[in-house]
Amino acid sequence: MFNKIISLHIPKTAGTTFKKYMEASFQNNFLEIDSKPIIRRCEHSINTNYPVKLSDSKELFIHGHITFNDIIYSDNFYYITWLRDPVERVISHYNYFKIKPITSYTHPIELKIKNENLSLNDFIKIPCMQNIQSYYLNNTAEIDKFAFIGIVELFTESLMLLEKKLEKKFISENIQNQLVNNNKAFVSDKIRNEIRKVNQKDCELYDIALKNLKIELENV
């Protein structure tokens, strides 16, 4: 039996909407943390506060922007995350950076987009912004250690499956679903193919997770 649920929030994979469900459902048993993985990745910096031993935390559900390598592994933890079609996730990440207000934690690539008016084509060529989903999961090496991997394109079905796995009904009242498609601007097939090309690891990871989820849903 697990003693902690660890949720890795990969950017632009419905993590904020999912967090709201979990905050409402676990209430005082919910903790959010943030190791700022992509900032560290792009700045080639090491945060000496990680990896952390999450077994020391009193909360049952721990969620946030952390990679698998940011935490000390335990067989007693129940690991979950969400994945999204890599092309849509990259486009969404770029659009989010374009409109997001500047704060004290503004990502260096976000500043570059704003200051230099980088195009989507420029953005996808930046190495530290490629294969983000695989980076969070230690380049797919740890996929078998996840008890649940939801798929954004099958959000409702995934959430119902997680309820079944955890034997818990999630609270959804007054939670506004933020799963809107913010990839409104036309993106050519050429750019989409280039995104797939430079995010091949993420494409392979997504295909595996989607196949596994569909098999699980068929057996529910």
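What you see is a predicted model, and the numbers here were worked out from it, not measured in a lab.

*Asks:* I'd like a description of the pattern of salt bridges, backed by residues and values.
*Replies:* One pass over the full model with this rule turns up 11 salt bridges. Across the pair Glu32 and Lys19 runs a salt bridge, and its minimum N-O distance is 3.4 Å. Separated by 13 residues along the polypeptide, Glu32 in strand 2 (residues 30–34) and Lys19 in helix 1 (residues 15–26) bring together distant segments of the chain. Its relative accessible area of 40% is what places Glu32 among the partly exposed residues. As a salt-bridge pair, Lys165 and Glu216 come within 2.7 Å of each other at their nearest N and O atoms. Of this pair, Lys165 sits in helix 7 (residues 155–166) while Glu216 sits in helix 9 (residues 200–218); the two residues are 51 residues apart in sequence, bridging distant segments of the chain. For Lys165, a relative accessible area of 30% puts it in the partly exposed group.

*Asks:* So what about the nonpolar core? Which residues, and what values?
*Replies:* Ranked by size, the top nonpolar core spans 65 residues in total, and within it Ile6, Ile109, Phe123 and Met129 carry the most contacts. Element by element, the count of residues in this core is highest for strand 4 (residues 77–83), at 6 residues. Residues contacting Phe123, with those up to four places away along its chain left out, are Val90, His93, Tyr94, Phe97, Ile109, Ile113 and Met129.

*Asks:* Got a sec to walk through the packing of helix 3 (residues 86–99) against helix 4 (residues 108–116)? Specific residues and values, please.
*Replies:* Direction vectors running N to C along helix 3 and helix 4 enclose 70°, while the axes themselves pass 9 Å from each other. Here helix 3 lies roughly perpendicular to helix 4, going by the angle between them. Between helix 3 and helix 4 the crossing geometry is right-handed. Residues Tyr94, Phe97 and Lys98 of helix 3 form the contact with helix 4, whose own contacting residues are Ile109, Glu110, Ile113 and Lys114. Broken down by class, the residue content of the contact of helix 3 with helix 4 amounts to 4 nonpolar, no polar and 3 charged.

*Asks:* Describe the pairing of strand 1 (residues 4–8), listing the residues and the values that go with them.
*Replies:* On a regular strand, one side chain projects to one face of the sheet and the next to the other, so that they alternate. Summarising burial for strand 1: 5 of the 5 residues are buried, a large majority. Burial along strand 1 is two-sided: Lys4, Ile6 and Leu8 and Ile5 and Ser7, pointing in opposite directions, are all buried. Sheet topology places strand 1 next to strand 4; 5 bridges connect them, and they run parallel. Pairing of Lys4 across the sheet is with Phe77, part of strand 4. Judged from the 4 bridges that link them, strand 1 and strand 3 (residues 61–65) form a sheet pairing that is parallel. Note that in strand 3 the partner of Ile6 across the bridge is Ile62.

Reading the values: the criteria
Residues numbered from 1 in each chain as written. Predicted model: local features only at pLDDT ≥ 70, side-chain atom pairs only at ≥ 80, totals over all residues. Heavy atoms only, no water. Salt bridge = Lys/Arg side-chain N within 4 Å of Asp/Glu carboxyl O. Helix = DSSP H or I, 4+ residues; strand = E, 2+ residues; numbered from the N terminus. Buried < 20%, exposed > 50% of the residue type's maximum accessible area, 1.4 Å probe, protein only. Core = buried A, V, L, I, M, F, W, Y, C linked by side-chain atoms within 4.5 Å. Contact = heavy atoms within 4.5 Å. Axes fitted to C-alpha atoms, helices over the stretch in contact; angles between N-to-C directions. Parallel < 35°, antiparallel > 145°, perpendicular 65-115°, else oblique. Left-handed = near helix turned anticlockwise from the far one by under 90°. Nonpolar A, V, L, I, M, F, W, Y, C, P; charged D, E, K, R; others polar. Pairing = 2+ DSSP bridges.

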